[in-house]
Amino acid sequence: MHPTRKSFVRNTLLAAAALGALALAGCGGTDGSAASNDDMTLGKVDAPITLIEYASVTCVHCADFNEKVFPTVKKDYIDTGKVHYIYREFLTGPTDVSAAGILIARCAGKDKYFQVIDAIMRSQKEIFTTGDGKGVLKRVASSAGMSDAQFQTCVSDTKGLERINKNIEKYVKEDDITGTPTLIINGEKFTGDYTKVEEFTAALNNAKPAEKK
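Residues numbered from 1 in each chain as written. Predicted model: local features only at pLDDT ≥ 70, side-chain atom pairs only at ≥ 80, totals over all residues. Heavy atoms only, no water.

## Observations regarding the overall build of the protein
Just so we agree on the cut-off: We count a stretch as a helix when DSSP gives it H or I for four or more residues in a row; a strand needs E for two or more, and each element gets its number in order from the N terminus. Buried, partly exposed and exposed residues are distinguished by accessible area as a fraction of the type maximum, computed with a 1.4 Å probe on protein chains only: under 20%, between the cut-offs, and over 50%, respectively.
The helix and strand inventory of the protein stands at 10 helices and 5 strands. Here the protein holds 213 residues, and 46% of them are scored as buried.

Printed below as a string of structure tokens:
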């Protein structure tokens, strides 16, 4: 095994060891709460609709939503001030790639975070068919301006792994998340077809005002 690959596997398996028990087996809580300081968000904080997505960069169903529906949601709802979007990070297999992908997105910086998430989701087929998660993630990291050394440091971030672990424990316990993507609109779980633009945007349009707490 090439030394750099061995290092990558060792470090990302640390993520798998720390988080594997909590990783969601399926790509299948719901309090609609405001974003925490640790959430990644888009849009106006005081928008009338709050959309929370619990997702994993290695979840194929999350990638479907990301490709087929989210661009319309962003253009017509987030960018126009109608929706405050909160993205919450979860893990699905391969867990080491999923965890490393989160770490890379965080290391890329807030302004490039969603760009990295999108790039990884759109590269899922390559990851699954080639098994070269490291190569794909390094390419994505490079496109976001990260050097090889920065990439390696990023996927070795034990504090970052602890943060992911803490958040997953919290959301599994408090929000009863059992699969990804889970989509919450003003506190209500969306149960329709999240790959259909018309169906999902209809749910946004018909969203009931969130209850004041």
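## What to know about the nonpolar core
This is how it is decided: Remark: nonpolar core denotes a set of buried residues (Ala, Val, Leu, Ile, Met, Phe, Trp, Tyr, Cys) joined through side-chain atoms within 4.5 Å. We call two residues in contact whenever any of their non-hydrogen atoms come within 4.5 Å of each other.
Counting 58 residues, the largest nonpolar core has Val73, Tyr87, Ile104 and Phe200 as its most contacted members. Counting residues per element, this core draws most heavily on helix H4 (residues 95-108), which supplies 8 residues. Other than its neighbours up to four places away in sequence, Ile104 contacts Val116, Leu137, Ala141, Met146, Phe151, Cys154 and Val155.

## Brief notes about the state of the cysteines
Selection rule: Note on terminology: pairs of cysteine sulfur atoms within 2.5 Å are recorded as disulfides.
All chains considered together, the criterion is met by 1 disulfide. For Cys107, the disulfide goes to Cys154, at an S-S distance of 2.2 Å. With the S-S dihedral at roughly 105 degrees, the linkage between Cys107 and Cys154 falls on the right-handed side. Of this pair, Cys107 sits in helix H4 while Cys154 sits in helix H8 (residues 148-155), and the two are 47 residues apart along the sequence. For Cys107, a relative accessible area of 40% translates into the label partly exposed. By relative accessible area, which is 2% here, Cys154 ends up buried.

## Here's the deal with the sheet that holds strand S4 (residues 182-185)
This is how it is decided: In short, DSSP must find at least two bridges between two strands for them to pair. Between the N-to-C directions of two axes lies an angle of 0 to 180 degrees, each axis being a line fitted to C-alpha atoms and, for a helix, fitted only over the stretch in contact.
On the basis of which strands lie adjacent, the open sheet formed by 5 strands has the order S1-S3-S2-S4-S5 and mixed pairing. On the outer flanks of this sheet lie strand S1 (40-42) and strand S5 (188-189), each paired with one strand and no other. For S1 and strand S3 (residues 83-89), the ladder comprises 3 bridges, and the chain directions are antiparallel. When the bridges of S3 are listed, Leu42 appears paired with Tyr85. Packing against the sheet, helix H3 (residues 70-78) makes contact with S1, strand S2 (49-55) and S3, and its axis sits at approximately 140 degrees to S3.

## Quick word on H3
Under the convention used in this document: Working note: the arc is built from the helix axis to C-beta atom directions.
Of all the residues in H3, the buried ones are Phe70, Val73, Tyr77 and Ile78. The arc that holds the buried residues of H3, viewed along the axis, is 75 degrees, so those residues lie on one side. Buried-residue contacts for H3 involve S1, S2, helix H2 (60-68), S3 and helix H10 (197-205).

## Quick word on the pattern of salt bridges
Here is the rule we go by: For this analysis, a salt bridge means a side-chain nitrogen from Lys or Arg found within 4 Å of a carboxyl oxygen belonging to Asp or Glu.
For the structure shown, the criterion picks out 11 salt bridges. We note a salt bridge from Lys75 to Asp76, for which the minimum N-O separation is 3.4 Å. Here the salt bridges share partners, and the residues they tie into one network are Asp38, Glu89, Arg106 and Arg163.

## Side note on helix H9 (residues 158-175)
What counts is decided by this rule: Any helix carries an expected span of 1.5 Å times its number of residues minus one. Polar contacts, as counted here, are pairs of nitrogen or oxygen atoms within 3.5 Å of one another; within protein the pair requires one atom able to donate a hydrogen and one able to accept it, and residues that are adjacent in sequence qualify only if both atoms are side-chain atoms.
In this model, H9 (18 residues) spans 25 Å end to end at C-alpha, consistent with the 26 Å of a helix rising 1.5 Å per residue. Sitting at the amino-terminal end of H9 is Asp157, which places a side-chain oxygen 3.1 Å from the backbone nitrogen of Lys159.

## Brief notes about the side chain of Ser56
You can see Ser56 is positioned in the loop between S2 and H2. A polar side-chain atom of Ser56 sits 3.2 Å from the main-chain amide nitrogen of Thr58. When near neighbours in sequence (up to four residues on either side) are disregarded, Ser56 contacts Cys62, Tyr87, Phe90, Leu91, Thr92, Ser98, Met121, Gln124 and Thr180.

## As for unusual backbone geometry
Backbone torsion omega between Gly93 and Pro94 reads -10 degrees, so that peptide bond is classified as cis. In this structure, Pro94 sits in the loop between S3 and H4. Omega for the peptide link from Thr180 to Pro181 comes to -5 degrees, which places this bond in the cis form. A positive phi angle, near 55 degrees, is found at Asp176, a position not held by glycine. With respect to the helices, strands and loops of the structure, Asp176 is situated in the loop between H9 and S4.

Take it as geometry only, folks, not as evidence of what the structure does.
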